[in-house]
Amino acid sequence: MRRILLTLEYDGTHFAGLQTQARGKPPPFVPSAEGDSGRLKVRPVRTVQQVLEAALGKIPGTKPRIWASGRTDAGVHAIAMPVHYDTEDSIPTEKIPYALNSLLPADIRAIAAQEVSADFHARKSCHWREYRYRIAQRRMPPALERTRAWWIPHSLNLIPMRHALEYLPGTHDFRAFAIKEERTTIRQIFRTHLEVWPTEGGREIWIEFVGSGFLRGQVRSMVGTLVEVGLGKRDSSSIAALLEGGTRKDAGVTAPAHGLYFVRAGYQPYRQ
């Protein structure tokens with residue numbers, strides 16, 4: 001038996017998130033208009049874990065069960081998501097991505113594989129995760145990036161947005177940015193960054209976060225709050241008040257899922 005660390009890239013547009021619903025519960029269903037009869041049918045919700053484990057199950061000797069370093073909600077994308085699984089197959093490690101990609105749909109790809117020690121765990125061994133949020137700021141709505149970036153036609157003032165970002169690094173209680181979170185809401189952020197790229201007819205804004213871990217909806221809630229700062233709807237210093245004792249209703253809107261990307265994870269202590 002060997003343990004394989006696999007790096008995934010996927011377009012989250014047609015996935016209901018990474019994680020499959022807990023075992024022992026009936027699978028969720030969503031309506032579908034497919035079928036020649038024209039009658040409404042139902043189909044299981046599609047997740048990254050479900051699709052990948054189905055592909056792994058077709059490889060003899062492989063245990064079709066994965067563990068990921070993080071999680072992504074419905075519509076969120078991944079550039080390099082690490083997952084691990086165990087296998088007794090004889091496929092050379094460098095050939096695993098090719099074998100898996102022949103079994104996977106076009107919106108998910110294995111881009112690298114390596115053998116790791118038996119005590120390695122994609123989530124528990126992880127020291128930090130990096131997320132990026134993309135905002136398309138232009139007058140006209142994008143066609144090519146409509147499911148990959150949040151379109152905002154209004155002008156954003158980046159100076160107070162950058163100032164607001166300075167409050168976030170460190171260990172804080174992020175409950176004001178958490179959505180339906182039952183765990184502790186204290187998290188550590190190592191780095192925040194805002195970068196601007198010129199585009200045809202406008203610009204693209206990248207907001208990046210590196211942290212030990214993130215709460216459900218935290219990054220999108222932070223981005224939505226930062227956008228309100230950029231629009232002049234709230235002062236940049238309001239971030240400090242949110243971290244000191246704010247609740248979710250005190251923070252800004254939740255940014256759309258399709259602008260968010262899981263960028264990478266690190267298995268050594270973070271160095272900026």
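1. Some words on the layout of surface pockets
Estimated volume of the largest pocket: approximately 820 Å³. Taken together, 34 residues line the largest pocket, and the ones lying closest to its centre are Q19, A68, G70, R71 and R123. Elements represented by at least two residues in the lining of the largest pocket include exactly helix 1 (48-56), strand 4 (67-68), strand 7 (128-138) and helix 4 (218-230). In terms of residue count, helix 4 provides more of the lining of the largest pocket than any other element does, three residues in total. Considered class by class, the residues forming the lining of the largest pocket number eleven nonpolar, eleven polar and twelve charged.

2. Observations concerning the packing of helix 3 (residues 158-165) against helix 4
Packed helix pairs are specified by the crossing angle of their axes together with the interaxial distance, meaning the distance between the axes. Relative to each other, helix 3 and helix 4 sit at 140°, their axes nearing to 8 Å. When the interaxial angle is binned, helix 3 and helix 4 end up oblique. Seen along the crossing, helix 3 lies across helix 4 with a hand that is right-handed. Contacts from P160, M161, A164 and L165 in helix 3 reach L226, V227, V229 and G230 in helix 4. Of the residues in the contact of helix 3 with helix 4, the class split is seven nonpolar, one polar and no charged.

3. Description of the pairing of strand 7
When you tally the buried positions in strand 7, you get ten out of eleven residues, the bulk of the element. Bridge analysis of strand 7 against strand 12 (residues 260-266) gives six bridges, and the strand direction is antiparallel. In the sheet register, Y133 faces strand 12, and the bridge partner there is L260. Where strand 7 and strand 11 (residues 202-211) come together, ten bridges link them in antiparallel fashion. The residue bridging Q137 from the neighbouring strand is R203, located in strand 11.

4. Some details on the pattern of salt bridges
Under the definition given, this model contains 14 salt bridges. For D86, the salt bridge is made with R3, and the minimal N-O distance between the two is 2.7 Å. Placement of D86 in strand 5 (residues 77-87) and of R3 in strand 1 (residues 2-10) is noted, with a sequence separation of 83 residues between them. A salt bridge links D11 to R148; its shortest N-O distance comes to 3.2 Å. Of this pair, D11 sits in the loop between strand 1 and strand 2 (29-32) while R148 sits in the loop between strand 7 and strand 8 (150-151), placing them 137 residues apart in sequence. Since its relative accessible area comes to 31%, R148 is described here as partly exposed. Within this structure, R2, D89 and E115 form a network of salt bridges that share partners.

Cut-offs applied
Residues numbered from 1 in each chain as written. Predicted model: local features only at pLDDT ≥ 70, side-chain atom pairs only at ≥ 80, totals over all residues. Heavy atoms only, no water. 1 Å grid on protein atoms, 1.4 Å probe; cavity = no way out; pocket = protein on both sides within 12 Å on 5 of 7 lines; lining within 4 Å. Points joined across faces, edges and corners; volume = space filled by probe spheres on them. Helix = DSSP H or I, 4+ residues; strand = E, 2+ residues; numbered from the N terminus. Nonpolar A, V, L, I, M, F, W, Y, C, P; charged D, E, K, R; others polar. Axes fitted to C-alpha atoms, helices over the stretch in contact; angles between N-to-C directions. Parallel < 35°, antiparallel > 145°, perpendicular 65-115°, else oblique. Left-handed = near helix turned anticlockwise from the far one by under 90°. Contact = heavy atoms within 4.5 Å. Buried < 20%, exposed > 50% of the residue type's maximum accessible area, 1.4 Å probe, protein only. Pairing = 2+ DSSP bridges. Salt bridge = Lys/Arg side-chain N within 4 Å of Asp/Glu carboxyl O.

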